[in-house]
Amino acid sequence: MAEKRSEVTSIRPSASRASSSDDALMGLTVLSRSTPRQDWSVLEGSAPVLSERKCRKVASRIFDNRGAWASKASGGDMFTLGRATYLEGKGDSRRTSRDNAWLIEHFGDVLTSTRAWLASVMECKVDFLADAPLPGFHIFGSGSIFSPVSGLDGHFDLQFLHRDLGNELDGLLSITVPLQMPSAGASIEVWPVDYAAFTRLRGAGLVRNASELADMYPPRRFSYRLGYGFLQCGLPFHRIGPSTRVAKGEFRVTMQAHGVKSRGTWLLYW
Ligand SMILES: O=C(O)CCC(=O)C(=O)O
Ligand SMILES: [Fe+2]
């Protein structure tokens, strides 16, 4: 069962971490945040990135472009539209610019809305990271959606390590915008521990790997809302969550973006 949002406080984050002193109503809702010695939070926008109607339109455009999907699970029905750094590594510049031109032509409106939404909730300049793949889409068919529990390992969004950021890194975030979900919904699960804490625990010999880390704490499950941006600031340990039920033919389609903050601007990529 999905976690209730009862203990939520509404605040507006100023940088990679939310600060509780700011405006309560606009911007973002903190769903969970770190304890001292960690620096992460998970948040949801109080306004959607895309309306439900727009989600339906974008999802149908994604399905119209099935020919451009790349299959990601051998024999399964998980696909990407766009190129993800976590799957493809740094990638080739010419290929990246060709794929980005295609994404702008077909989904430029989604990219523009995502950028505007983030700029508004973070009160910060937002742009796209140069020479990196633009935010793209995960498409999971019913055969690849976990239900009723997830069998996935947790992970940290460490793909920024593949990008050339010099010394300018001043914050990290990830955004997921659900565009189509099974009728029973979709979720994400987040453990109350981030990459820095994992590194400390590993250094102290208390855990050896991510799978042992996952056993140390119970994850919290957050239900997604169609069109609403779910934001991870910092590097919380997380995994794609299950749907309580999945019927054959249902899909879980999300827009996925990652951000690095450099010289006061959030730069988005996938
Ligand atoms: O689809 C989701 O719920 C999250 C995906 C994710 O964690 C990722 O792409 O890094
Ligand atoms: Fe992730």
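Since we're looking at a predicted model, the values are computed, not measured. (Residues numbered from 1 in each chain as written. Chains lettered and ligands numbered in written order. Predicted model: local features only at pLDDT ≥ 70, side-chain atom pairs only at ≥ 80, totals over all residues.)

*Asks:* Please give an account of the site of ligand 1 that cites residues and values.
*Replies:* The local shell around ligand 1 consists of His138, Asp157, Ser174, Thr176, Ile188, His238, Ile240, Thr254 and Gln256. Broken down by secondary-structure element, the contributors of at least two residues to the shell around ligand 1 are strand E9 (169-180), strand E13 (236-240) and strand E14 (251-262). In terms of residue class, the shell around ligand 1 is built from two nonpolar, six polar and one charged. (Near = placed C-beta within 6 Å. Helix = DSSP H or I, 4+ residues; strand = E, 2+ residues; numbered from the N terminus. Nonpolar A, V, L, I, M, F, W, Y, C, P; charged D, E, K, R; others polar.)

*Asks:* How would you explain unusual backbone geometry if you had to name every residue and give the values?
*Replies:* Across the junction of Ser147 and Pro148, the peptide omega takes the value -5°, indicating a cis bond. Summarising the element assignment, Pro148 is placed in the loop between strand E8 (136-141) and E9. Even without being glycine, Glu123 reaches a positive phi, approximately 50°. Looking at where Glu123 falls in the secondary structure, it is placed in the loop between helix H3 (93-122) and strand E7 (125-128). On the basis of neighbour counts, which here come to 14 C-beta atoms within 10 Å, the residue Glu123 falls in the partly exposed class. At Asp131, a position not held by glycine, the phi torsion is positive, near 55°. (Buried ≥ 20, exposed ≤ 12 C-beta atoms within 10 Å, placed from the backbone.)

*Asks:* Could you give an account of the pairing of strand E3 (residues 28-33), with specific residues and numbers?
*Replies:* In terms of burial, E3 is largely enclosed, as five of its six residues are buried. With five bridges connecting them, E3 and strand E4 (residues 41-45) associate as antiparallel partners. Pairing of Val30 across the sheet is with Leu43, part of E4. (Pairing = 2+ DSSP bridges.)

*Asks:* Give a description of the confidence of the model for the chain that names residues and reports values.
*Replies:* For the chain, the mean per-residue pLDDT works out to 89, and 89% of the residues sit at or above 70. Residue range residues 1-25 is modelled with pLDDT below 50. Its contacts to residues more than four positions away, or to other chains, number 56 contacts. (pLDDT = per-residue confidence, 0-100. Contact = placed C-beta atoms within 7 Å.)

*Asks:* Residues and numbers for the sheet that holds strand E10 (residues 187-194), please.
*Replies:* Strand order in the open sheet made by the three strands is E11-E10-E13, with antiparallel pairing throughout. Single-partner strands in this sheet number two, and they are strand E11 (220-223) and E13. Strand-to-strand twist in this sheet, taken as the mean axis angle between neighbours without regard to direction, amounts to 30°. Relative to E11, E10 is paired through four bridges, and the arrangement is antiparallel. Each bridged residue has a counterpart across the sheet, and for Val190 the counterpart in E11 is Arg220. Across the face of the sheet, helix H4 (residues 195-203) comes into contact with E10 and E13 while running at roughly 50° to E10. (Axes fitted to C-alpha atoms, helices over the stretch in contact; angles between N-to-C directions.)

*Asks:* Now, about helix H1 (residues 52-64): what can you tell me, with residues and values included?
*Replies:* Between its first and last C-alpha atoms H1 spans 18 Å; for 13 residues at 1.5 Å apiece the expected length is 18 Å, and the two agree. When H1 is considered as a whole, its buried residues turn out to be Cys55, Val58, Ala59 and Ile62. Projected down its long axis, H1 carries its buried residues within an arc of 100°, all on one side. Those residues of H1 that are exposed and aimed more than 90 degrees away from the buried face are Arg53, Ser60 and Asp64. Where the residues of H1 are buried, they touch strand E6 (78-81), H3, E8, E9 and E14. (Expected span 1.5 Å × (residues − 1). Arc of directions from axis to C-beta.)

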